[in-house]
Amino acid sequence: MGYGEITASKALALHFLCGVGLAAGYGIARLGCDLSLVADPARTLRLLLVVEGPVIIGIYGWVRRDREHCSMRFFSVFTGGDSIRRLLRGDCSDFPLILIPLVQCISSGLLSSGALLNAFGAIVLGAPVGLKYWLSTIYWSSLMSLFTFVPAVCVFGTSRTDWQRILAYSKPKEGVDCLISLPAQGAVIGAWLGAWPMPLDWERPWQEWPICVTYGAIAGYSVGMFASAVFVHVLGRKVHVKDD
Amino acid sequence: MSSSSLTCGKLASWTIAAVLLQILGLSLFVIGFFPVKPTLPGFSGPESYRAPTCDPVLDAEERDLSSEKLRTLYKELSKVPPSYGRLVLMVIDGLPAEFVLGRGDKPPTKAMMEAMPYTQSLLSSGKARGYYAKAAPPTVTMPRLKAMVSGAIGGFLDVAFNFNTQVLLDDNLLDQFKRIGWELVMHGDETWIKLFPRIFTRQDGVSSFYVKDIVEVDFNVSRHLDVELAAEDWNLLILHYLGLDHVGHIGGRHSTLMPAKLKEMDDVIKMIHMGSTVHHQNPDASTLLVVVSDHGMTNGGNHGGSSYEETDSLALFIGSGVESLEFSMNAHKAVHQVDIAPTLALLFGVPIPKNNIGVLLRGMFDTLTDEQRLRALQLNSWQLLRLLQAHLPNFLCGDVTCISGEDNLQTDQSISSMKENLCYLYSRAVSAHNAWLLRQISGLTSNDADDLGYAIDSYYDFLGNASEWLSHRATDKPINLLLSGIVIMLISCVLLLNTVLKLFKEVYITEGKYCSQPKEISQVWQVDEAFVLIGLVIHALSLGASSMVEEEQYTWHFLTSTLYLLFLLTTIRSLFKTAASDFMKMKKPEENLTLHLAVSNDESSYTTNNRSLPWTKLQENHQLYPVLVVLIFGRILRGWHQGGINWVHLPDISKLLVQAGSFSIKALQIFSLLNFMLVGSFAFSLVRSRTHFVHIVRTSYFMSGCLVLLHIINSQTHNIGPTDSSATSVAQLFYICAGSAVLLTVLVVAMLFLGMAGHFGLGNSNSLATIDVAGAFIVLEL
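Reading the values: rules and limits
Residues numbered from 1 in each chain as written. Chains lettered and ligands numbered in written order. Predicted model: local features only at pLDDT ≥ 70, side-chain atom pairs only at ≥ 80, totals over all residues. Helix = DSSP H or I, 4+ residues; strand = E, 2+ residues; numbered from the N terminus. Buried ≥ 20, exposed ≤ 12 C-beta atoms within 10 Å, placed from the backbone. Axes fitted to C-alpha atoms, helices over the stretch in contact; angles between N-to-C directions. Parallel < 35°, antiparallel > 145°, perpendicular 65-115°, else oblique. Left-handed = near helix turned anticlockwise from the far one by under 90°. Contact = placed C-beta atoms within 7 Å. UniProt positions renumbered as here; feature names shortened; annotations may be inferred. Expected span 1.5 Å × (residues − 1). Pairing = 2+ DSSP bridges. pLDDT = per-residue confidence, 0-100.

Concerning the overall build of chain B
When helices and strands are tallied, chain B shows 32 helices and 8 strands. Looking at chain B as a whole, 38% of its 782 residues are labelled buried.

Given below as structure tokens:
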């Protein structure tokens, strides 16, 4: 699959899967474990993370541009190997085997380096640093890293030119760039906007850190996903026009 | 060049004109927003017992009488005998009526009931009469005291005078009491002494500025109780307890210290009540105990606004006349704080103060005869009529239509204007009163109670409407003045915008001659510029929510941090961009490359622009660090002081420091000051020029630094609040860092953001309660 050639339908499908993952995570938290973001933000965020993490890593690993550049072992589990396909077929016999590299991946620093950046941003912007909030902050920033940092790492690996391109150019010019940067930007902007109701004196439980910020981030992420699908569609048409 | 200098002159004149217009508009707006209402000069005298006439000369009849003569004269004229001889006015600062009377139909919480057992027993046995005396904003002590003793509502500008208290010159209860020869004694808040400097026979003022003190401030009042209750010489004893307000300021409405403080107040009430009942037999010396609070408090313990919690103040009457009537527990009436003044005036046989807008409290005159009750209401009506005549010239004079006859009485629809309405209500009350009197004389007692009730109700109708109109009048704002102010300010804004646009055009054109590709610059910096604009708009919008005003420090910190995060992003991005352009070895002309560097604003990299690798550059690069430092220090500054209203109780660095003790504060102060001086000297060493001016600035800088150091070492730390100089130096570091982020287009806004974030970070807020007046009261130690 060539780089930059991603069709709108495929992008839409990708995002749909991401959204389904997110919704599934929330559904499991709500119905399965009787958790809600307002009552227990830390554990709910952890559950979201556990459900959404493999989905995003798997999906974006599949989009990944060149497998040679990828230095991280766990990609092979998800993309090279057929674990996912087996999992999709309902063969859950080696489920723990899949979980092991997942845990490895989380601990291997992929999430955590992105989470560090996100946590830095959040704390600098005023997130509380008390002991009470440590767990929530960690899980929230990991989730944000899943939205922003992880897809880019999955697709670009350690390719320096790609990283330079995506960081230096604010305007995405290729389909995959759109696919990665727009939802990420949406999530960040959504989280930023989500923080605004916090100082209001409504005394609602959801005004606590990180609940409304998470809601904002998820909303922004969804908008970003939709926008990126549209952008991919527009870009694709442009390319076709040029080709003609 | 000649044309541009001409534009300069034009620009300057336009700008000056616009600024002058702005000042004009602002002053018009302020004059409109803080109206000065007409007040009646002088004091009520014997003439207040006669019906108001249309001729003001007749009213202004002044006679110098001795206090004894005046007292007997008042007694004769008023026909309402004074019910009590002595008054104990106990002011509990900041006590919400909810603590004593409960809210609405609900009784107070169990903890509150248990905290004030004696008061609650008085209330439940009907020996005390409680009212919700709704205070008018601004709910700060001095305007409220003025309202209670004069019955008038001051304008909002009274807040400004709260800190620079001036003598109360308007007609008021205390001066009226003094005129009839009363001896007045005051113990408590020194605001009373500032209001009435030479009126008290004995006084002991306590300062309300040591907000942390909740014990001594009340002990200094209570220690006089034994002596004063035994003494016979006073007629009015004012006790003003500040401790409860201080408890609120420290721990909020539901502070754990609150029940103990309420118990203390309850003990004082018990002591006074017990002490006063000893003299019960002597009617001249029968004592009325009035427990009032000047205002309530919010959940955070603050006050000043107009929320229910803040205006919910108490008026509790405990005395021999009150107890004889049935008075159910839950029937506490909502009245106005100003109603206390006329009630007390008539209960103690003095004229109602001239500017009073209050109405006699229902139920307080039930022990009087029917004739006396109506007479009291009549006196109150006459006083309000006089005040109405000051606001509405020729009121009740000349227009006979409304007094014409009985036909009009039933037709409410025909009453259109307020003036006619008040006129109608007054005439109805007067005719009902006269009708009742006629019946009394003629001996017809068939439906006596109905007539009396009708007369009283019609009086209250008039009084209520007149009082409401007058109080609205006090806060009414002349809309024309406000509108014209706003329009002038808008015009000035348009003028200034126009000037700025012209200036931009000029600059853009001249710049365009030198820069070949200005478009690219604007593209790269769009994020910042857009955010600056959006941030300003969002801030302006956020001020629409009152809690966003209360917690404005969060908004400023959020905006500042976001702006600096964007700086960080653009810096990194520009680094990558230059690296990428080098990496791809694109053959761009040399100017283009320098343009990129100008974008990144890195002057030092002009010399090192040939080193291409971004990672090594990142390490070398100085421009990332200031931004990071600002971000981190900004976060520390945010945690330095929990400002605002709702989250004041949360832990912050300044509280930690206070807990850590004075030694660590001093050490931190010295350390931060030295640090600050070090950074400053480093900055001076960077200055290339060696002119005299630089030397002078440097020496003055060091001199001031040393002076502050001396001050820190010498001063006793206990009087340095949480906003100490270490916090100041953090803010100054903030500013220094701001200087290094040189971004011409965004610089002004960045400075504004930083300045506001620093201002709020030092513990300031938009709440009146955080204005640190203590600084004005520091005296030199000798």
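Having seen the structure, we can now continue with the description.
Looking at the packing of helix H17 (residues 370–391) of chain B against helix H18 (residues 418–442) of chain B
Residue and element names in this part refer to chain B. Running from N to C, H17 and H18 cross one another at 155°; their axes reach a closest spacing of 12 Å. What the angle tells us is that H17 and H18 run roughly antiparallel. Crossing hand, H17 versus H18: left-handed. The residues of H18 that touch H17, namely those facing Leu-374, Gln-378, Ser-381, Leu-385 and Leu-388, are Leu-422, Tyr-426, Ala-429, His-433 and Trp-436.

As for the UniProt feature "transmembrane region" (unreviewed entry) in chain A
All names here are of chain A. Residues annotated by UniProt as "transmembrane region" (unreviewed entry) correspond here to residues 12–32, 44–63, 95–125, 137–157, 178–195 and 215–236. This span, residues 12–32, is 100% helix and 0% strand, and a straight line between its end C-alpha atoms measures 28 Å. Between the C-alpha atoms that bound residues 215–236 the distance is 31 Å, and the span itself is 100% helix and 0% strand.

Side note on the environment of B:His641
Residue and element names in this part refer to chain B. Examined against the element boundaries, His-641 turns out to sit in the loop between helix H27 (624–640) and helix H28 (653–660). Assessed through the 23 C-beta atoms surrounding it within 10 Å, His-641 is described here as buried. For the pair His-641 and Phe-760, spaced 119 residues apart in sequence, the C-alpha to C-alpha distance is 8.7 Å.

Focus on the UniProt feature "transmembrane region" (unreviewed entry) in chain B
All names here are of chain B. Taking the numbering used here, the UniProt-annotated feature "transmembrane region" (unreviewed entry) corresponds to residues 12–34, 481–504, 530–549, 555–576, 663–684, 696–713 and 733–754. The distance from the first to the last C-alpha atom of residues 481–504 is 34 Å, and the span holds 100% helix and 0% strand. Helix makes up 100% of residues 663–684 and strand 0%, whereas the separation of the span's terminal C-alpha atoms amounts to 31 Å.

Description of H18(B)
Over its 25 residues, H18(B) runs 36 Å from end to end, which matches the ideal 36 Å to within 8%, given 1.5 Å per residue. Count one or two residues on from H18(B) and you reach B:Gly443, which has phi positive near 80°.

Some points on the sheet that holds strand E5 (residues 236–241) of chain B
All names here are of chain B. Taken in spatial order, the 8 strands make up an open sheet running E4-E3-E5-E1-E6-E7-E2-E8, and their pairing is mixed. Each edge of the open sheet carries a strand with a single partner, namely strand E4 (202–206) and strand E8 (333–336). The mean inter-strand angle of the sheet, taken between neighbouring strand axes irrespective of direction, is 20°.

Re unusual backbone geometry
Look at the link from A:Trp209 to A:Pro210: it is a cis peptide, with omega at -5°. Position of A:Pro210 among the secondary structure elements: in the loop between helix H9 (175–194) and helix H10 (211–243). Positive phi, normally seen in glycine, also occurs at B:Lys79, with a value near 65°. On the basis of neighbour count, B:Lys79 is assigned to the partly exposed category, with 13 C-beta atoms found within 10 Å.

Regarding the confidence of the model for chain B
Residues and elements named next belong to chain B. Taken residue by residue, chain B gives an average pLDDT of 77. The fraction at 70 or more is 75%. Per-element mean pLDDT across chain B ranges from 40 in helix H25 (residues 590–600) up to 93 in E5. Confidence drops under a pLDDT of 50 for residues 399–415, and excluding neighbours within four residues, the segment shows 12 contacts in the predicted structure. Every residue in residues 717–727 scores below 50 in pLDDT, and together they form 25 contacts with partners more than four places removed in sequence or on other chains. With pTM at 0.62, the complex prediction returns an ipTM value of 0.82.

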